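# Fold and geometry: a report
Listed below are the residues making up each chain.
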Amino acid sequence: MSLREIIFEKYDEFSLLENQTEKDILRSEIKTMLAEYSEMDSNCYHLLGLVDIESDDWEENIEISIGNFKKAIELDKGNFLAQLYLAHCYHDLNRLELALENYNKVDREKLKEFQVWRYTKLIEQIGYCQYKLGNKQIGEQHFEEVLEWYKKLPEIDRVVPSELIECLPKNHRIVTEIKKIETYLE
């Protein structure tokens, strides 16, 4: 097994861990292995970004993650997941203009093929940014698209539309229809 395969196998193990101490130890191992790896590519930088934001102290490391996601994209413009996570970082920092700019760069077709729930969440997050930036009508158009996806997706492919619910009034037609679909949101 190559060093690269070992690194990515360790990341798979890391992503499943729930014990924070074990996760911190494995994060350190992965970062050390990547620091010694001489063939860093887009996926390696993407992974580096992920191990830092998937921690309790993600806010301390978020700028490092942003740099790693940018490097991943620089090395491979087609790395749509690195682009998505870069947007998530800006979103988490409430830098919504940058989040929106980067969400709009995500290859939607590749994301939809990869995981339809992530695609639906992307549409919701674009709507959230638009809505919070004062473009409420555009935001609602995106939320309408999320609703249409919810109507046709099986339950396993749905994710709670928390940002949509945060933006719209509780009695808004879109919220009401989603509550009918997802009874646990009541």
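Our subject is the structure that appears above.
These notes cover the structure that comes with them. (Residues numbered from 1 in each chain as written. Predicted model: local features only at pLDDT ≥ 70, side-chain atom pairs only at ≥ 80, totals over all residues. Heavy atoms only, no water.)

## Let's talk about the pattern of salt bridges
Enumeration according to the criterion identifies 15 salt bridges in this entry. For the salt bridge of Lys 31 with Asp 52, the shortest nitrogen-to-oxygen distance reads 2.9 Å. A residue pair is termed long-range when its members are at least 10 positions apart, and Lys 31 in helix α2 (residues 20–36) and Asp 52 in helix α3 (residues 42–53) qualify at 21 residues. The class for Lys 31 is partly exposed, based on a relative accessible area of 32%. Note that Glu 74 and Lys 71 form a salt bridge whose closest N and O atoms lie 3.5 Å from each other. (Salt bridge = Lys/Arg side-chain N within 4 Å of Asp/Glu carboxyl O. Helix = DSSP H or I, 4+ residues; strand = E, 2+ residues; numbered from the N terminus. Buried < 20%, exposed > 50% of the residue type's maximum accessible area, 1.4 Å probe, protein only.)

## Focus on the environment of Ile 165
If you trace the backbone, Ile 165 turns up in helix α10 (residues 162–167). Ile 165 sits in the partly exposed class, given a relative accessible area of 29%. Between the C-alpha atom of Ile 165 and that of Gly 127, which follows or precedes it by 38 residues, the distance is 11 Å.

## Description of the packing of α2 against α3
It is the contact of α2 with α3, at a shortest axis distance of 10 Å, that shows an interaxial angle of 155 degrees. In this view, α2 runs roughly antiparallel relative to α3, as classed from their interaxial angle. Crossing handedness for the pair α2 and α3: left-handed. Here Arg 27, Ile 30, Lys 31 and Leu 34 of α2 lie close against α3, whose contacting residues are Cys 44, Leu 47, Leu 48, Val 51 and Asp 52. (Axes fitted to C-alpha atoms, helices over the stretch in contact; angles between N-to-C directions. Parallel < 35°, antiparallel > 145°, perpendicular 65-115°, else oblique. Left-handed = near helix turned anticlockwise from the far one by under 90°. Contact = heavy atoms within 4.5 Å.)

## Some remarks on the packing of helix α6 (residues 96–103) against helix α8 (residues 116–132)
Axis separation between α6 and α8 bottoms out at 9 Å; the angle between their running directions is 145 degrees. Relative to α8, α6 is oriented so that their crossing is left-handed. Side by side, α6 and α8 meet where Leu 96, Ala 99, Leu 100 and Tyr 103 of the first sit next to Leu 122, Gln 125, Ile 126, Tyr 128, Cys 129, Gln 130 and Lys 132 of the second. A breakdown of the residues in the contact of α6 with α8 according to their chemical character gives eight nonpolar, two polar and one charged. (Nonpolar A, V, L, I, M, F, W, Y, C, P; charged D, E, K, R; others polar.)

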